Amino acid sequence: MNEENERKFNEINEGLDAGAQAVNEAAAETDNALTEAENTLTEAAPEAAENGAEAVENATEAAENVDLLSASYGDGLPVFDDPVLPLNAFTYDDNNREDAPEENSETEGSAAAGGPAKTASEGPQSQGTSAPSKLSLDMLKMQYKAEKKAYKDAAKEARQQEYANGTRKRFSAGLTILVSVLATVVCFGLLIAALCCFPTRESSLFSTIVKKYSIENSARSGGNSRIKVGDGEIDGSANVTINVDGEFSVSAAYAKAVSSVVAIECVEVGTDGKETGLAMGSGIIVSEDGEIMTNCHVLSSIIDTATGKIGAQYKIYVYIDNPHDEPYETTQLLGYDADFDIALIKLDCTGLRPIVFADSDLLEPGQSVVAIGSPGGLEFMNSVCDGIISGTKRSTTSESGAILYDMIQMTAPINPGNSGGAVVNSEGELVGVSVLKIVADYYENMTFAISSNTAKRIIESFRLYGRYVQPVLGITVNTLYGWKEAKENGWPLGSYVEEVSEGGSCGKAGLKAGDVVCGLNGVEIVDFYSLKTNLLKYAPGDEIVLKVYRTSENKYYEFKVILSAS
């Protein structure tokens, strides 16, 4: 082989090696790309496919270079004993050339004689292409195309797998988002329902916030909303001046009521005609023709309990306008009740100005009241003081030891001489009758008045019967029954019935000993005192409905009861 042919042969060999190396590198790059595509489907797969395609293009270019070399050098390519062996593992035999000259006898003889045979380096290389060389190239091309197709199929399968995984992920993500949104809406709805409906719709946190915002917003925006203050209303957008000391209200209430409040003096007339003062107090005009209401304890020292009249040796002086005018004198006692500390006397006169009664059931703690009376006696007649309602429907004990029901607790001062005087609201209407105060160490401003509703019912009974005829149930009640006893037995709060009078109102209705009275005409009863206070609203002959818990059966019943008279 001459130097030129050897050089060409080496170039062809290098080209084939380069093509094989390019194919191997492309396969390795494609394999790496596929591995990365499997690990990061959503991001790396497209990039791996592009790398694979680029590697395939490089392999194609290398193969084309091989074809070009093959075309350039014709049939001078070497013979491949095995197409699958490495491209550089071949031998070149000049005798395999198709265009080799026929062997002569000399050549044959030399060979037969064991003479030296020509090697690839000794003879010139033919320009022809041998069949084994073409077959090797064809096999290489087929192998390349098969690998290229395999790589394309793998890339396609990877893209399909990526798309399927991405679809599942998107579907899973969408379902998760939908469930989260629905759960959030449900929780938010439950929260809004709790805020709007607990404990009630009217007193829920949401309604409270809305009301507060509405008032504040109206004030800021200059709205025309009206706000209730005391007994009246003010414009929410108006500038309001508040009189802190309330002087005008007290003066107005006093002016309306003072002419209906009197001073009372009880005297004893001796055998020599000399009068001795026994008691001082206050009274309230309740009729135009001379009826005066006061406390029973103001008159207690001159009442003959045997006859229910004023004793013969006693007189009652009533001062209407001032202590300097001549008083009215009377000995008429229309009725009295020591238990409720109410008495009614009668003057022989007309043209008086009676007090206006208010509904004491409408009183609320914190409401302002004015007390009018004669503390300390005639010298201080028509004195006025103010205070607030501290509580309603109280029960307390009178000076005689009797229990007083339906009482008003207040801070308006009550002193000796105020007993029987008027307690009025800001309109000058009667809401209570001053009766007593607690005088003891560590007590301050605890005064009480009989409610106007109770006082009104009692004086109406005086007019009809000359005494207070109370409505009664005909039962004996345990006054000590309370929450402890109820809890220990698993019973409700109420008034525990120890005994039922045979033929009494409750006996006729069907009540039994051991029952617990829990309600009266829809009003909750929690103890004996609340039962007694609510019973005072009715008169003998009225029909009421009692809600009763029967402890022997653990059941609730309702009984219609017609009240009898005491």
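First things first, this report covers the structure right here in the doc. What you are looking at is a predicted structure, and each value in this text was computed from that prediction instead of being measured.

1. Here we look at the overall build of the protein chain
Reasoning step 1: When you go through the protein chain residue by residue, the secondary structure sums to 11 helices and 25 strands.
Reasoning step 2: Split into buried and exposed, the 566 residues of the protein chain put 39% on the buried side.
Reasoning step 3: Considering only contacts in the protein chain between residues 6 or more positions apart, those separated by 24 or more positions represent 61%.

2. Comments concerning unusual backbone geometry
Reasoning step 1: In the Ramachandran plot, Asn 521 falls in the positive-phi region, its phi being about 50° despite a non-glycine side chain.
Reasoning step 2: Mapped onto the elements, Asn 521 comes out in the loop between strand S21 (515–520) and strand S22 (523–524).
Reasoning step 3: Relative accessible area serves as the criterion here: at 33%, Asn 521 is assigned to the partly exposed category.
Reasoning step 4: Positioned with a positive phi, Asn 554 is a non-glycine residue whose angle comes to about 55°.
Reasoning step 5: For Asn 554, the position within the fold is in the loop between strand S23 (543–550) and strand S24 (555–562).
Reasoning step 6: Its relative accessible area of 53% is what places Asn 554 among the exposed residues.

3. Brief notes about helix H8 (residues 452–465)
Reasoning step 1: Between its first and last C-alpha, H8 extends 20 Å over 14 residues, near the 20 Å set by a 1.5 Å rise per residue.
Reasoning step 2: Among all positions of H8, only Ser 452, Asn 453, Thr 454, Ala 455, Ile 458, Ile 459, Ser 461 and Phe 462 are buried.
Reasoning step 3: Of the surrounding elements, those touching the buried residues of H8 are strand S5 (291–294), strand S10 (332–337), strand S11 (342–346), strand S14 (403–410), strand S16 (430–437) and strand S17 (447–451).
Reasoning step 4: Residue Gly 466 follows H8 closely and has a positive phi angle near 80°.

4. A closer look at the sheet that holds S5
Reasoning step 1: Strand order in the open sheet made by the 7 strands is S9-S8-S3-S4-S5-S11-S10, with antiparallel pairing throughout. The strands lining the two open edges of the sheet, one partner per strand, are strand S9 (328–330) and S10. Strand-to-strand twist of the sheet, defined as the mean angle between neighbouring strand axes without regard to direction, takes the value 30°.
Reasoning step 2: Sheet topology places strand S3 (residues 261–269) next to strand S4 (residues 275–285); 9 bridges connect them, and they run antiparallel. Counted as the bridge partner of Cys 266 is Ala 279 from S4.
Reasoning step 3: Along the sheet face, H8 touches S5, S10 and S11 and points at about 50° away from the line of S11.

5. Some points on the sheet that holds S17
Reasoning step 1: If you trace the 6 strands once around the closed barrel, you get S12-S13-S14-S17-S16-S15, paired in antiparallel fashion. Averaged over all neighbouring strand pairs, the angle between strand axes comes to 50°, with direction disregarded.
Reasoning step 2: Note: S16 against S17, 5 bridges, orientation antiparallel. By the bridge assignment for S17, Lys 437 is matched with Thr 447.
Reasoning step 3: Contacts from H8 reach S14, S16 and S17, with the element oriented near 50° to S17.
Reasoning step 4: Packed onto the sheet, helix H11 (residues 528–535) meets strand S13 (383–397) and S14 and runs at close to 85° relative to S14.

6. Thoughts on the nonpolar core
Reasoning step 1: Within the largest apolar cluster, 49 residues are counted, with the highest numbers of intra-cluster contacts made by Ile 284, Met 293, Ile 342, Leu 473, Ile 544 and Leu 546.
Reasoning step 2: With near-sequence residues (within four places) excluded, Ile 544 lies in contact with Leu 473, Leu 520, Asn 521, Leu 535, Tyr 538, Phe 559, Lys 560, Val 561 and Leu 563.
Reasoning step 3: Counting residues in hydrophobic clusters, the runner-up holds 22 residues, among them Val 298, Leu 299, Ile 303 and Leu 352.

Conventions and cut-offs
Residues numbered from 1 in each chain as written. Predicted model: local features only at pLDDT ≥ 70, side-chain atom pairs only at ≥ 80, totals over all residues. Heavy atoms only, no water. Helix = DSSP H or I, 4+ residues; strand = E, 2+ residues; numbered from the N terminus. Buried < 20%, exposed > 50% of the residue type's maximum accessible area, 1.4 Å probe, protein only. Contact = heavy atoms within 4.5 Å. Expected span 1.5 Å × (residues − 1). Pairing = 2+ DSSP bridges. Axes fitted to C-alpha atoms, helices over the stretch in contact; angles between N-to-C directions. Core = buried A, V, L, I, M, F, W, Y, C linked by side-chain atoms within 4.5 Å.

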